Amino acid sequence: MPAATLNNVSIRLPTHASSRVCQQIPASGTLSGRAAVRGRGVVVLKSATLGGVNRNVRARSRVVPRAQARAEPPRAVKQDAAIADMAPTQLPIEQKQILQALTTKSSDEQEDFTAGSDPNASPVSPQQLIGGTPILDLSAYSLNPNVKILAKTEYLNPSGSIKDRIAQHMIANAERTGRLRPGMTVVAATSGNTGSAIAMTCALRGYEYIVITNEKTSKEKVDSMRAYGGEVMISPSGVAPDDPLHYQNIENRLCEENPETYYGVDQYNNPFNAEAYEATLGPEIWKQTAGEVTHFIAGGSTGGTVSGTGRYLKSQNPKIRVLMADPRGSVFWDHVVNGVAAEDVKGGSWETEGVGKDSIPGCFDINVVDGMVRATDEHAFRTCREVAANDGLLIGGSSGLNLHAARVLSGQVEDGATIVTVLPDSGIKYLSKIYNDDWLSEMGVKTTALCEEGQACGDLYWKPAILDQDSAGNAALAFATAATEGSDLWPEEQLDTELAYLLELAPQLADYHKASVSGKERVHSRLQSPAELAATFLEAGAELELKQGADPVDMDGIKRAVHAVMDNSVRSSHPLFLNQLYSGIDPVALAAEWLASTLNANVHTFEVAPVLTEIEKAVLAKTARMWLPPPPS
């Protein structure tokens, strides 16, 4: 077998077909951390508590019946008319050419992103088959009969996966900015589906292509990537992200060595990745659910799907919750849940293809994600087999993971929620793996025991900010509900306490009034600046500023506050108080004022509040000096 050297890295080149196999390096790690999943029904959330991670929580619900016992099969939700005007959101990119490209749409892009149109209206081009996928009602898998689960059938895109959306968009924008020119070769590192989508796109646009994947990729996907006439390179699985034979590094190296003839897609850091979903998938979900979507959950490899789609949905309704499904062993969980920095994450091992990552890609926007659901290969593969047996749908491993995560989420959200997920690819691409009992046995993946007792399990995490918001909302609702229960909205015990306080306070108020009307006291007791006045009340234990959530003041504190009010008030009952509306001695009228204040605090009461402004006090002080004799020297 002939050999070639790529920057001192040995590559073995087969003499047949158009593919290359990179030098083998033993993959590190094995499948680990597995826990049984038991069919449809209860969520079992695992051990210990970490931040917002819910574990060891059991919630019984119904077991979804097998296909033969169902009243009807899953159905596609009716889709609205054409989704028009899906202009990609401009991103802050430094290159002037890219910014200019974003403001000038080409005819290709207008064609590529006219998703959701009626395919029967007129003949269409292959590009027009991308997007506009039906949304399927899979609520039979919900743990709560009052929570819907809907799924976008992304495997219906022409190359068989959701990645057709980003391939067309990234290549079109590369052409527009001049980074991809006729005669160049497109190079893409991929876990499989993007490779097929790039291959299809290159076939449509007339480019040669090289796609680099790893040994973990199924034979069906490798054959698909090769079928469009290009070249496939296969690198070892399980190598470190900085290893020269990591498939992303091979893409980078090829493009560095051939800058004039190779264009690197760099899907993991390409800003047009997430933008494609923001421009198409997000609007489609919003229209197909008539804006009723409450939760969006999807796994991530580049992070583009959850970031772009979530960003659009939140722009329509900020209350929509966006979650990421992640296989055990992937680094997203540690990054989001445990706060491990992107440069410090360390990946493990898992077998579910097209989801999870060994490093944090640039496309991933952590600010869009509100929570995480973590599961194992068994969860994903068992769900795939279950859907095939019960509903006649062959879905891929990442689709199984997404549906399982949606099922876990359905047991933890409120009634009336609508959860939307995506089915990124078809099970046709995994006949040699997920749907092959020998392969499952060889990999140690056991799915037959997962149906016992009708249970399912996974780790569910919400960001603390989301928990705080939900807790505050629930507390407010509980308080409002309690306040309207029963015929007596004011507890009798509290009423007796307050009436006793009024009786105890009345003599103090009467003495104050008596001293005022006698004219023996000054019109004003003290003159204080606003800062001094605030300090006086703070010392009395009754801060003037009413803060949300402040502790209530006891009766002794209220008495001190009343004394502070009287000590800093103008005696409006004083004979020398020159206000024609309130001057004079009228005990009956004053008693009526007190009574009105006690029984019904109104605008009039607050208008004549005893604590006056500094300007009013200054005027009254000057008036008082005119009437009162000067103090003895």
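Model, not experiment: these values are computed from the prediction.

Chemist: Tell me about the pairing of strand E16 (residues 371-375), residues and numbers included.
Modeler: With 5 of its 5 residues buried, E16 lies for the most part within the structure. Judged by which residues are buried, E16 turns out to be covered on both faces: Gly-371, Val-373 and Ala-375 on one side and Met-372 and Arg-374 on the other are all buried. In this sheet, E16 lies alongside strand E15 (residues 321-327) in parallel orientation, the contact comprising 5 bridges. Its bridge partner being in E16, Asp-326 is matched across the sheet by Arg-374.

Chemist: Can you lay out the side chain of Thr-190 for me, pointing to particular residues and giving the numbers?
Modeler: Following the sequence through the fold, Thr-190 ends up in the loop between strand E10 (185-189) and helix H4 (193-205). Relative accessible area serves as the criterion here: at 0%, Thr-190 is assigned to the buried category. A polar atom in the side chain of Thr-190 sits 3.4 Å from the backbone nitrogen of Thr-194. Reaching out from Thr-190, the side chain makes a polar contact with the backbone nitrogen of Gly-195 at a distance of 3.0 Å.

Chemist: For the packing of helix H3 (residues 164-176) against H4, give the residues involved together with the corresponding values.
Modeler: For any two helices packed against each other, one specifies the inter-axial angle together with the distance between the axes. Where H3 contacts H4, the two axes come as close as 8 Å, and the packing angle between them is 50°. The angle between the axes of H3 and H4 places the two elements in the oblique class. Crossing hand, H3 versus H4: right-handed. For the pair formed by H3 and H4, the contact residues are Asp-164, Ile-166, Ala-167, Gln-168, Ile-171, Ala-172 and Glu-175 on the first element and Thr-194, Ala-197, Ile-198, Met-200, Thr-201, Leu-204 and Arg-205 on the second. For the contact of H3 with H4, the residue count by class is 8 nonpolar, 3 polar and 3 charged.

Chemist: Any details on H4? Residues and values, ideally.
Modeler: Residues three or four positions apart in an α-helix share a direction because the helix packs 3.6 residues into each turn. In this model H4 runs 18 Å from its N-terminal to its C-terminal C-alpha over 13 residues, within 8% of the 18 Å that 1.5 Å per residue would give. Extensive coverage of H4 is indicated by the burial of 11 of its 13 residues. What H4 keeps buried is the set Asn-193, Thr-194, Gly-195, Ser-196, Ala-197, Ile-198, Ala-199, Met-200, Thr-201, Cys-202 and Arg-205. In the segment just after H4, Gly-206 is the residue with positive phi, at about 85°.

Chemist: Pulling in residues and values, what's your account of the packing of aromatic side chains?
Modeler: One pair of aromatic rings is described through two measures. These are the centre distance and the angle between the planes. Applying the stated criterion across every chain, the model contains 4 aromatic pairs. For Lys-357, the ring lying beneath its charged end belongs to Tyr-268, and the centroid distance is 4.6 Å.

Chemist: Please give an account of unusual backbone geometry that cites residues and values.
Modeler: For Asp-266, which is not glycine, the phi torsion reads 50° and is therefore positive. For Asp-266, the location among the structural elements is in the loop between strand E13 (262-264) and helix H7 (271-279). Unusually for a residue other than glycine, Ala-290 sits at a positive phi of about 55°. Mapped onto the fold, Ala-290 is located in the loop between helix H8 (281-288) and strand E14 (295-299).

Chemist: How would you explain the pattern of salt bridges if you had to name every residue and give the values?
Modeler: Opposite charge on two side chains makes pairing possible when the charged atoms of those side chains draw close. Per the counting criterion, the structure on display carries 17 salt bridges. When the shortest N-O distance is used, the salt bridge between Arg-205 and Glu-175 registers 2.7 Å. In this pair, Arg-205 is assigned in helix H4 and Glu-175 in helix H3, connecting sequence segments 30 residues apart. For Arg-205, a relative accessible area of 17% puts it in the buried group. Here Glu-386 makes a salt bridge to Arg-407, at a shortest N to O gap of 3.2 Å. On the criterion of sequence distance, the pair formed by Glu-386 in helix H11 (residues 377-391) and Arg-407 in helix H12 (residues 397-410) is long-range, its members being 21 residues apart. Three or more residues are tied together by salt bridges with common partners; here these are Lys-152, Glu-154, Arg-165 and Glu-284.

Chemist: Give a description of the side chain of Asp-358 that names residues and reports values.
Modeler: Along the chain, Asp-358 turns up in the loop between helix H10 (332-337) and E16. Reaching out from Asp-358, the side chain makes a polar contact with the side chain of His-246 at a distance of 2.9 Å. There is a polar contact of 3.1 Å between the side chain of Asp-358 and the side chain of Lys-357. Look past the residues within four positions of Asp-358 in its chain and what remains in contact with it is Val-239, Pro-241, His-246, Val-331, Val-345, Gly-347 and Trp-350.

Chemist: Can you break down the pairing of E10 residue by residue, with the values?
Modeler: Counting buried positions along E10 yields 5 of 5 residues, so the element is predominantly enclosed. Where burial is concerned, the two faces of E10 agree: the one with Thr-185, Val-187 and Ala-189 and the one with Val-186 and Ala-188 are both buried. Bridge analysis of E10 against strand E11 (residues 208-214) gives 5 bridges, and the strand direction is parallel. By the bridge assignment, Val-186 is partnered in E11 with Tyr-209. Following the chain from E10 across H4 to the adjacent parallel E11, one finds a crossover that is right-handed. For E10 and E13, the ladder comprises 3 bridges, and the chain directions are parallel. Its bridge partner lying in E13, Thr-185 is registered against Tyr-262.

Chemist: Give a detailed account of the environment of Thr-536, specifying residues and quantitative values.
Modeler: Relative to the assigned elements, Thr-536 resides in helix H16 (residues 530-540). Here the alpha-carbon distance between Thr-536 and Val-565, two residues 29 residues apart in the chain, equals 9.6 Å. Not counting the four nearest positions on each side in its chain, Thr-536 is found in contact with Arg-526, Gln-528, Ala-564 and Asn-568.

Chemist: For the nonpolar core, give the residues involved together with the corresponding values.
Modeler: If you look at the biggest cluster of nonpolar residues, it comprises 53 residues, and the most contacted ones within it are Val-186 and Met-372. Once you skip the residues sitting within four places of it in the chain, Met-372 turns out to touch Leu-323, Met-324, Asp-326, Phe-332, Trp-333, Val-336, Val-337, Asp-459, Leu-460 and Tyr-461. By size, the runner-up hydrophobic cluster in this structure holds 38 residues, among which are Leu-136, Cys-384, Val-387 and Ala-405.

Chemist: I'd like a description of the environment of Ser-142, backed by residues and values.
Modeler: Tracing the chain through its elements places Ser-142 in the loop between strand E8 (135-137) and strand E9 (148-152). In this structure the C-alpha to C-alpha distance between Ser-142 and His-404, which are 262 residues apart in sequence, comes to 9.5 Å. Within the structure, Ser-142 has its side chain in polar contact with the backbone oxygen of Asn-144 (distance 2.7 Å). Here the side chain of Ser-142 touches Val-147 through a polar contact of 2.9 Å, landing on its backbone oxygen.

What counts and how
Going along each chain's sequence as written, the residues are numbered from 1 onward. Given that this is a predicted model, residues contribute local features only at a pLDDT of at least 70 and side-chain atom pairs are listed and counted only at 80 or more, while totals for whole chains, interfaces and linings are drawn from all residues. Only heavy atoms go into the side-chain values, all of them from the structure, while hydrogens and water stay out. Summary of the burial criterion: residues with accessible area below 20% of their type's maximum are buried, those above 50% are exposed, and those between are partly exposed, where the area comes from a 1.4 Å probe applied to protein chains only. For helices the rule is a DSSP run of H or I covering at least 4 residues; for strands it is a run of E covering at least 2, with both sets numbered from the N terminus onward. By this definition, two strands are paired if DSSP reports at least two bridges between them. Polar contact is defined as a pair of N or O atoms within 3.5 Å, subject to the rule that within protein one atom must be able to donate a hydrogen and the other to accept it, and that residues adjacent in sequence are counted only when both atoms are side-chain atoms. Here, axes are lines fitted to C-alpha atoms. For helices the fit covers the stretch in contact, and angles between N-to-C directions go from 0 to 180 degrees. Relative orientations are named as follows: roughly parallel for angles under 35 degrees, roughly antiparallel for angles over 145 degrees, roughly perpendicular for angles from 65 to 115 degrees, and oblique for any other angle. Helix crossings fall into two classes, left-handed where the near helix is turned counterclockwise from the far one by less than a right angle and right-handed where it is turned clockwise. Only heavy atoms enter the contact rule, under which two residues are in contact if any of them lie within 4.5 Å. Throughout this entry, Asp, Glu, Lys and Arg are counted as charged residues, while Ala, Val, Leu, Ile, Met, Phe, Trp, Tyr, Cys and Pro are counted as nonpolar. The remaining residues, Gly among them, count as polar. A helix is expected to span 1.5 Å for every residue after the first. Here a pair means two rings of Phe, Tyr or Trp (six-membered ring of Trp) with centres within 6.5 Å. Their orientation is stacked below 30 degrees between planes, edge-to-face above 60, and tilted elsewhere. Only Lys NZ and Arg CZ are tested; either one counts as a charge over a ring when it is within 6 Å of the ring centre and within 35 degrees of the ring normal. What counts as a salt bridge is simple: a side-chain nitrogen of Lys or Arg found within 4 Å of a carboxyl oxygen of Asp or Glu. When the strands point away from the viewer and the connection leading from the first strand across the helix to the second strand turns clockwise, the crossover is called right-handed. By nonpolar core is meant a set of buried Ala, Val, Leu, Ile, Met, Phe, Trp, Tyr and Cys residues that side-chain atoms within 4.5 Å join together.

Nothing here speaks to function; it is geometry throughout.
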